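Below, each chain spelled out in residue letters.
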Amino acid sequence: MKLVRFGPLGEEKPGLVDSDGVVRDLSGVVTDISGSTLSPDGLAQLAALDVTTLPRVAEVDRYGTPVGGTRQFVAVGLNYSDHAAESSMPVPSEPILFTKAASCIQGPDDDVRKPKDATKMDWEVELGIVIGQRTSYATKEQALDHVAGFVVCDDLSERAFQLDRGGSWDKGKGCDTFGPVGPWLVTKDEVGDVQNLAMWLDVNGERMQTGSTATMIFDCATLVSYVSQFMVLLPGDIITTGTPPGVGMGMKPPKFLDTGDVIELGIEKLGRQRHRVLAWNS
């Protein structure tokens, strides 16, 4: 299934994309794409629906993030060996974890804002894992049983905040609008082999990133298991799993985003995003 949330910011309704690409309104069935809806039983109930009986949505003006109630937005750094090389950093022996503020999550086509005093705003196309049930100390063999599905994420970053000002990476990762997610939450059965998905990102129509989840250092099952050793993961939490090469920081000379730029990105089977970079608005 492809699950969505659509409508104005703060008023999103749950929906399902049918086989013809038409959005069907799920608000008569569930209140949101969150909580128990993301559990194996909840997803099975949605999969059993006769989609043709659900109201058709004539036109979607806006997609919100496809999962509600995200409490934790966990990110993995340097999870592609070629991205580590372009960043002049060693390939990690264990996953590098940091957090993105849940407040930065937004819809896939919403505008993004260059933070106040930002000088090195960067892009990163990433595969996101959406947790479907409480997960603590999961083994690698159990890990994907706890996953509801997968999403596209743009791990926007302000490199000056992240790397030039000391401390943890978090402060360059959770700025307002720095977490576009969606358009769809695609369930595991529809994704198939999540470790073999093509991914790409363009800035102003120029291809910057071309990659595949096949080149991850730590695969999705490993990451879910690993993160669950350090924190309890809850339904709706997102783990964004790292980016392939082609980020602005790795170019020679480096290239960063500015007001007016347009970012487009996507992952095979998971959809695509488009957002404009706007100036800081106090």
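Our structure's up above, just so we're on the same page.
None of these values were measured; they are calculated from a predicted model. (Residues numbered from 1 in each chain as written. Predicted model: local features only at pLDDT ≥ 70, side-chain atom pairs only at ≥ 80, totals over all residues. Heavy atoms only, no water.)

## Examining the overall build of the protein
As a reminder of what qualifies: Every helix listed is a DSSP run of H or I at least four residues long, and every strand listed is a run of E at least two residues long, numbered separately from the N terminus. What the globule rule says is 2.2 Å times the number of residues to the power 0.38, and the radius of gyration is computed from C-alpha atoms. Each residue is placed in one exposure class: buried if its accessible area under a 1.4 Å probe, protein chains only, is under 20% of its type's maximum, exposed if it is over 50%, and partly exposed if it falls in between.
Within the protein, the regular secondary structure consists of six helices and 18 strands. A globule of 282 residues ought to have a C-alpha radius of gyration of about 19 Å, and the protein, at 18 Å, matches this closely. Projected onto the principal axes, the alpha-carbon positions of the protein cover approximately 55 × 40 × 30 Å. Within the protein, buried positions represent 57% of all 282 residues.

## Let's talk about the sheet that holds strand S18 (residues 271-278)
Short version of the rule: DSSP bridges decide pairing: two strands pair if at least two such bridges lie between them.
Pairing in this open sheet of five strands is mixed, and the strands run S7-S18-S17-S14-S15 from one edge to the other. Whereas interior strands pair on both sides, the edge strands pair on one side only; in this sheet they are strand S7 (112-113) and strand S15 (206-212). Inspection of the sheet shows strand S14 (residues 198-203) paired to strand S17 (residues 262-267) by five bridges, in the antiparallel sense. Across the sheet, residue Asp202 finds its bridge partner in S17, namely Glu264.

## Looking at helix H1 (residues 40-47)
Keep this limit in mind: The directions from the helix axis to the C-beta atoms are what the arc is built from.
Residues Gly42, Leu43 and Leu46 constitute the buried set of H1. Burial along H1 is one-sided: seen end-on, the buried residues are contained in an arc of 95°. For H1, the exposed residues lying more than 90 degrees away from the buried face are Asp41, Gln45 and Ala47.

## A short note on the environment of Asp110
The following threshold applies: Residue contacts follow a heavy-atom distance rule, with two residues in contact if any of their heavy atoms lie within 4.5 Å. In protein, a polar contact means a hydrogen-donor-capable atom and an acceptor-capable atom, both N or O and within 3.5 Å, with residues adjacent in sequence counting only if both atoms are side-chain atoms; elsewhere, any N or O pair within 3.5 Å suffices.
With respect to the helices and strands, the residue Asp110 is situated in the loop between strand S6 (105-106) and S7. Its relative accessible area of 16% is what places Asp110 among the buried residues. Placed 167 residues apart in sequence, Asp110 and Val277 show a C-alpha to C-alpha distance of 9.6 Å. Contacts of Asp110, omitting those with residues within four sequence positions, involve Arg62, Arg274 and His275. Within the structure, the side chain of Asp110 is placed 2.9 Å from the side chain of Arg62, a separation counted as a polar contact.

## Brief notes about the nonpolar core
The cut-off we apply is this: Here, nonpolar core refers to any group of buried Ala, Val, Leu, Ile, Met, Phe, Trp, Tyr and Cys residues whose side-chain atoms link them within 4.5 Å.
Counting 62 residues, the largest nonpolar core has Leu3, Leu127, Phe150, Ile239 and Leu270 as its most contacted members. The biggest single contributor to this core is strand S10 (residues 147-154), with six residues. If near-sequence neighbours (up to four positions away) are discounted, Leu3 is found in contact with Gly15, Leu16, Leu26, Ile33, Leu43, Leu46, Pro66, Pro183, Trp184 and Leu185.

## Points about empty space enclosed by the protein
What counts here: Buriedness for pockets is judged along seven lines, at least five of which must meet protein on both sides within 12 Å for an open set on the 1 Å grid over protein atoms alone, while cavities are sets there where a 1.4 Å probe fits but cannot get out, and lining residues have an atom within 4 Å of a point. Grid points are joined across faces, edges and corners, and a volume is the space filled by probe spheres set on the points. We call Asp, Glu, Lys and Arg charged. Ala, Val, Leu, Ile, Met, Phe, Trp, Tyr, Cys and Pro are nonpolar, and the rest, Gly among them, are polar.
Under the defined criterion, the tally for this structure stands at one cavity of 30 Å³ or more. Forming the boundary of the largest cavity are 17 residues, of which Leu78, His83, Glu124, Arg159 and Trp169 lie nearest the centre. Mapped onto the lining of the largest cavity, the elements with two or more residues apiece are strand S4 (73-77) and helix H4 (159-164). Considered class by class, the residues forming the lining of the largest cavity number six nonpolar, six polar and five charged.

## Here's the deal with the sheet that holds strand S3 (residues 23-25)
What counts is decided by this rule: The axes are straight lines fitted to the C-alpha atoms, using for helices just the contacting stretch, and the angles between their N-to-C directions are given from 0 to 180°.
Reading across the sheet, the nine strands line up as S3-S2-S1-S13-S10-S9-S16-S4-S5 and stay open at both edges, with mixed pairing between neighbours. Because the sheet does not close on itself, it has two edges, and the strands there are S3 and strand S5 (96-100). When the angles between neighbouring strand axes are averaged without regard to direction, this sheet yields 30°. In this sheet, strand S16 (residues 238-240) lies alongside S4 in parallel orientation, the contact comprising three bridges. Along S16, the bridge assignment pairs Ala75 with Thr240. Each of S4, S5, strand S9 (125-131), S10 and S16 touches helix H6 (residues 220-227); the most contacted strand, S9, lies at about 60° to it.

## Concerning the side chain of Thr70
Structurally, Thr70 is set in the loop between H1 and S4. Polar side-chain contacts of Thr70 include one of 2.7 Å to the backbone oxygen of Gly236. Leaving out residues up to four positions away in the same chain, Thr70 has contacts with Ala102, Ile105, Gly236, Asp237 and Ile238.

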